[in-house]
Amino acid sequence: MASWNKSGDGDDVELILRKLFVGGIKPDTSDDQFRNYFAKFGDIEDYVHIRNKQTGQSKGFGFVTYSAPDSVDKCLAAKPHTINQKDVDVKRAVPKDQPQERCHKIFVGGLPETNEAELKSFFEKHAKVTQCQFKRDQNTGRGRGFGFVSFEDSDTVDKLVILKHIEFNGKMIECKKALDVKDKQHMNNGGHNQNPSVYGAPPAAAGYPP
């Protein structure tokens, strides 16, 4: 039986799964406009609309924390979003210790012996899978313990990266973003520091094993 069970710092993960980043907000957007829009998708526990201290105008981004993670799912499923007659960018708020670049592909490590059909079926219970690979040794045909899964949307990848460890066939497996060479170079050059959607501890090295 396959499930997306989380492990590790459960309380922290649960909080992060309830949090959204909102970018592209018009400078004259009021706090009421910001809050009332997102309240349509569920009870809001907290929200932060980042403003310029001198002018009071919006800096163009903010965060929304819902009381339940289902509200985040509802909000993301309702894209695109428009506030104050302007389209805004809404996505999960991913911690700084994870790559910030949007992508549609994950690296899956620690896999037990399986096959691509079973792996695809496991992940498709939660999101549309566009491609699935389970790597095998060319000589023996045995599984090498890792694979790659691509999804139709990047929000699913962000959720899996936040969960990090999930249960598959009785074993905890690890999920992280499968970044291409350009993305990894961007991370190594400090590009993540320019992204306001991040928070938390200093970023760790990103990417997947060669």
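Refer to the structure above for everything that follows.
So, how was this worked out
Residues numbered from 1 in each chain as written. Predicted model: local features only at pLDDT ≥ 70, side-chain atom pairs only at ≥ 80, totals over all residues. Heavy atoms only, no water. Helix = DSSP H or I, 4+ residues; strand = E, 2+ residues; numbered from the N terminus. Buried < 20%, exposed > 50% of the residue type's maximum accessible area, 1.4 Å probe, protein only. Contact = heavy atoms within 4.5 Å. Areas by Shrake-Rupley, 256 points an atom, 1.4 Å probe, with all protein chains shown as cover. Pairing = 2+ DSSP bridges. Axes fitted to C-alpha atoms, helices over the stretch in contact; angles between N-to-C directions.

Chemist: Explain the overall build of the protein residue by residue, including any values.
Modeler: If you tally the helices and strands in the protein, you get six helices and 10 strands. Looking at the protein as a whole, 45% of its 210 residues qualify as buried. Pairs at least 24 residues apart make up 67% of the contacts formed inside the protein by residues separated by at least 6 positions. A total of about 11,100 Å² of accessible surface is found on the protein, and carbon and sulfur atoms cover 45% of it.

Chemist: I'd love a proper account of the pairing of strand 7 (residues 129-136), names of residues and values included.
Modeler: Relative to strand 8 (residues 143-151), strand 7 runs antiparallel, the two sharing six bridges. If you follow Val129 over to strand 8, its bridge partner there is Phe151. Counting the residues between successive antiparallel strands, the hairpin from strand 7 to strand 8 contains six residues, one of them, Gly141, with a positive phi of roughly 80°.

Chemist: Pulling in residues and values, what's your account of the pairing of strand 6 (residues 105-109)?
Modeler: Among the five residues of strand 6, four are classified as buried, and the element is accordingly described as predominantly covered. Of the pairings in the sheet, the one linking strand 6 to strand 8 comprises five bridges and is antiparallel in character. Of the residues in strand 8, the one forming a bridge with Lys105 is Ser150.

Chemist: Hey, could you go over the environment of Ser67 for me, with residue numbers and the actual values?
Modeler: Here Ser67 shows up in the loop between strand 3 (58-66) and helix 3 (69-77). In this structure, the C-alpha to C-alpha distance between Ser67 and Ile44, residues 23 residues apart in sequence, is 5.7 Å. Among all residues touching Ser67, those that are not within four sequence positions of it are Arg18, Asp43, Ile44 and Glu45.

Chemist: Report on the sheet that holds strand 3, specifying residues and quantitative values.
Modeler: Strand pairing in a sheet is mediated by backbone hydrogen bonds. Such pairs are either parallel or antiparallel. With antiparallel pairing, the five strands of this open sheet are ordered in space as 2-3-1-5-4. Of all strands in the sheet, those bounded by a partner on one side alone are strand 2 (44-51) and strand 4 (81-83). On average, each strand axis in the sheet is tilted by 30° relative to the strand beside it, whichever way the strands run. For strand 2 and strand 3, the ladder comprises six bridges, and the chain directions are antiparallel. Bridge assignment links Asp46 to a residue of strand 3, and that residue is Thr65. Of the strands in this sheet, strand 1 (19-23), strand 3, strand 4 and strand 5 (86-92) are in contact with helix 3, which crosses strand 5 at around 140°.

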